[in-house]
Structures are given as C-alpha cells and as structure tokens.
Amino acid sequence: MRLTDHEQAMYDGEHGIAKQKAMDLLVRYGNALGAERLVDTRNVAGTIGATTPFMRKYADEAGGLDAVFSEFNLDSREVVRIPKVSVYSSHLQQGIDPEHAAEQGVGEDVVRIFRKGDAYSAGLGVQLLNTCAPYQVGNLPARGEHCAWMESSAVIYINAVLGAKSNAEGRESTGAAMLTGKIPYWGYHIDENRRGTHAIDVDVPIESMSDWGMLGYFVGDRVQDRVPVITGIGRAPNMVRLKHFGAAAASSGGVEMYHIPGYTPEAPSVEAAFGGNRPIERFVFGRKELRETYDNLNATASDVDVDFVMLGCPHYSIEQIWEVCQLLEGRKVHVNSNLWIFTPRATKQICDQNGYTRIITEAGGFLMSDTCSALGRVMPKGVKVAAVDSAKQVHYLPAIMGIQAWFGSTADCIDAAVTGRWNGGLR
Ligand code: F3S
C-alpha cells in the first residue's frame, strides 16, 4: 500500500504509539482488501464502549477503557494511552439503555460501566449520539464525502440516499479511523463500484413504511451484496421509508448501495444509475413477490397472543413517534403485553418536550434509547411472541432471542400492543 508522508510518519510512530497501532491495523486491513492506498475521512461512526460482558471485564481492570480500545479497536494486547480523536466521530448504538436498566433486566454494575464508557468517549471527543441512525440526529454527511461508518442500515442510507461514500466498516477500522482520519480506499469509496449491477422492476404500489421494508427485504435477498437499481416507484419516498428499505436490504442481503432513478442523488436516470453497466440480472417485484415476502417475514409466528411490541428498528425518527402517539393516545397497552419504542437519545429529549414520552408512558409503554432488543438482547422477561414493524428486526429477533415474531404495519403493531392479539395482515 502506498502511504503519504504524513501516513508514513504515523505508521513509523512519530505521532505516538496509539496512532502507530491504528496505522498498522489500517495497513494490514487495506492490504488484505487489496487497497492501494488510504483515503482521508473527516466523519467516522463507530463503537468504542464496553458493550459486551467480556469487554466490561476489561473496563474494570487496571487499563480501564484504554484497554478496551487497545484490544477491541486497535487489535493490541499492549494497553496504550488513547489520545483524543483527530476527526469528527460519532458513537453508534450500545448494549443497554441506562435510563431503563430495571425494565431491561440490567444490573447496576453494567450501568456503572456504561456511564464510565460514555464519559470516556466524551473525553476523547466522540459524540454520544448512541444510535444506529446518526443521520437523524446531527451527523448528516454530504454528497461525495468519504466516511468510515459501521452499522449496515446507516451505511446504506448515507451511500444511497445522501451520496456519501463508505463501506460497512468494523469496530477496529472505525476506531483506527477516529485516531488517524484515514480508511482504506476500496469498495464504495471508488465511483465505478457504485454503479448499478441488477435491475428491480416494481410492479405493485409501494407506499407505506412496511411496503418499503418488504421491498428492501426482497431486493437484498435477490441481489445479496450487489448494487440494485429500482424502477417503477410512484410516489417519492421519504427518509423513514428509505431508512426501512435500506435496513431490510442490508439484512436479507449485504446491500450497501442502491439507486432509485429520479430520487437518489447519483441516479438522475436509469442510464446514469447503471453508468454503462449492463444489468447482470433483472427481477420483478409484483403482488406475488409482495405476498411471498410478507409470508417469509412472518414465518416464525403462529401464536396470535402477542406479549411484546418492539418499535424503532432502525431507531425511530421524531416523525414516527408522532405517528405512534396519534395511534396510541388515550389507549392502554394490554395487561398481557408490553410496548417498547427505541429512538436516539436526542430525539427522546424532543419527545419529552413535545409530550410524546408522556403519551407513551401513560399508555403503559416505554420510550427507550441507546440500544434495541436484537442488539442488546433486551426484552421484557418471559416474552414468547413479539410484533414489530421492521423487516430488519423480524429478521434478527426470533433467531437471537428464540421467540416468535410477527411483522406488519405500525398500526397493526399498536393494535397488537393494545389488544394483546395479532390481527395484522397484508392489506
Ligand atoms: Fe438499530 Fe437495533 Fe435495528 S441497533 S438498526 S434498532 S437491530
């Protein structure tokens, strides 16, 4: 890999041991990928906290959070002192919501280490957005901006919807990028890799958020990690719909980039979306495929008694919480059920101001932040059957937690929370 003078100096240790280790990691990683060089980034979204029980043990030992960063972000058994980050960096979701530890069955010790981790991250200059959707709360990359982001649902969003450039990075590479402002130049940093490879012709009206989730799930399953170009979309999607589309496509496949000609920034036309490529394969998404996808997403569920409704995957926007409150106001969560809604910390604060937290709480639900059920493995005790409005969450939650899960619209899910029964269906 070719290094600039500045990169070589960091690699040689002239800027301290932590940056040397970060450069060593990036060079090894870049070489493994076949990258010829690094690229400058000014925007990193990653994870540096002690998010698992194994890491928490490190956090309490002599090296503290520096030991966690050294081992899990820099691949170094030697504990080095970690300096402040060099570029704008955001923390992604974590393992718990410290404000709802009791509901999540989390002990005081875990909360203490969580708060220690937050203070450590803030001390390094990492923004505590603590969400899988940083673009909803202040980290909004510009078109063409080279980024180093983890979290598949966020990477596909900033690539396809914002026109920023990132691969789905890992904890190690984002930690190293925070310290150096560098990331290997490969994959979706390179324009020719962003061109469409597969054609998806939509032949059924796609309107609701759950429609977009199902379309995304179908697309990911068909194209895996390639670049789909979706045509046949009528009404313009919005942020929420594209967020659910991308999260689903990145779950059933490994999609990190897509185009919707006329709507996404690098696709003013179908021709521009393909950039001279001939589609490798063409798929139609019609009523039959919509039905099959719906049935597929509901394959784990048979019991209609729902004891848990989980909303907010990816973390809900303020618009989604406003919609939920319209459905929920004046109603009560069924005595046999639970309602947990996840949102970024900053959005929760707006909800507190707007009275949405009160509406949800008065109904018997909880508005939580910082984590989610699948990632944090946090659910009410004894849950057997969940209901969700996210194709991504229904892809993971039953497998991770060993439960049944229904997928449907947000209205179906609120109805399930209030009645304790699943009455949803494809309408
Ligand atoms: Fe976010 Fe959890 Fe979904 S971290 S994207 S809410 S699986």
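If you're wondering where the values come from, they're calculated on a predicted model, not measured in any experiment.

### Some remarks on the layout of surface pockets
A volume near 360 Å³ is recorded for the largest pocket. Taken together, 19 residues make up the lining of the largest pocket; nearest its centre are Thr51, Thr52, Gln94, Gly95 and Leu375. When its residues are assigned to classes, the lining of the largest pocket shows 8 nonpolar, 8 polar and 3 charged. Taken together, domain 1 (5-189) and domain 3 (299-419) each give at least three residues to the lining of the largest pocket, which thus spans both. Approximately 280 Å³ is the volume found for the second largest pocket. Considering the residues around the second largest pocket, the lining is formed by 17 residues, among which Glu151, Cys372, Ala374, Leu375 and Lys392 are closest to the centre. Contributions of two or more residues to the lining of the second largest pocket are made by α16 (373-376) and α17 (391-401). The leading source of residues in the lining of the second largest pocket is α17, at 4 residues. Tallied by class, the residues present in the lining of the second largest pocket amount to 8 nonpolar, 6 polar and 3 charged.

### Concerning the site of the ligand
Around the ligand, the surrounding shell consists of Gln93, Cys132, Glu151, Ser153, Gly312, Cys313, Pro314, Cys372, Lys392 and Gln393. A majority-of-atoms criterion places the ligand in the second largest pocket. For the shell around the ligand, the class distribution of residues is 4 nonpolar, 4 polar and 2 charged. Built from parts of two domains, the shell around the ligand gets at least three residues from each of domain 1 (5-189) and domain 3 (299-419).

### Considering the packing of aromatic side chains
By the definition in use, this model includes 11 aromatic pairs. On the basis of an interplanar angle of 50° and a centroid distance of 4.9 Å, the ring pair of Phe218 and Phe285 is categorised as tilted. Remark: Phe285 occurs in strand β9 (residues 281-285) and Phe218 occurs in helix α9 (residues 209-223); sequence separation between them is 67 residues. One exposure class covers both Phe218 and Phe285, and it is buried. Taking the centre distance of 5.4 Å and the plane angle of 80° together, the rings of Phe308 and Trp340 count as edge-to-face. Pair noted here: Phe308 is in strand β10 (residues 308-311) and Trp340 is in strand β11 (residues 339-343), with a separation of 32 residues, a long-range link. Classification of Phe308 by relative accessible area gives buried; the value is 0%.

### A word on the pattern of salt bridges
Summed over the entire model, instances satisfying the criterion amount to 28 salt bridges. Note that Lys116 is salt-bridged to Asp60, the shortest N-O span being 3.5 Å. Remark: Asp60 occurs in the loop between α3 (53-59) and α4 (64-72) and Lys116 occurs in helix α6 (residues 108-124); sequence separation between them is 56 residues. Under the relative-accessibility criterion, Lys116 is labelled partly exposed at 34%. The class for Asp60 is partly exposed, based on a relative accessible area of 38%. The closest approach of N and O atoms between Glu207 and Arg235, which form a salt bridge, is 3.5 Å. Of the two residues, Glu207 is situated in the loop between β7 (198-202) and α9 and Arg235 in the loop between β8 (228-231) and α10 (239-252); the sequence distance between them amounts to 28 residues. A residue is classified by how much of its surface remains accessible, and Glu207, at 31% relative accessible area, is partly exposed.

Rules and cut-offs
- Residues numbered from 1 in each chain as written.
- Predicted model: local features only at pLDDT ≥ 70, side-chain atom pairs only at ≥ 80, totals over all residues.
- Heavy atoms only, no water.
- 1 Å grid on protein atoms, 1.4 Å probe; cavity = no way out; pocket = protein on both sides within 12 Å on 5 of 7 lines; lining within 4 Å.
- Points joined across faces, edges and corners; volume = space filled by probe spheres on them.
- Nonpolar A, V, L, I, M, F, W, Y, C, P; charged D, E, K, R; others polar.
- Domains from an automatic or database assignment.
- Helix = DSSP H or I, 4+ residues; strand = E, 2+ residues; numbered from the N terminus.
- Near = heavy atom within 4 Å.
- Sits in = over half its atoms within 2 Å of the grid points.
- Phe/Tyr/Trp six-rings, centres within 6.5 Å; stacked < 30°, edge-to-face > 60°.
- Buried < 20%, exposed > 50% of the residue type's maximum accessible area, 1.4 Å probe, protein only.
- Salt bridge = Lys/Arg side-chain N within 4 Å of Asp/Glu carboxyl O.

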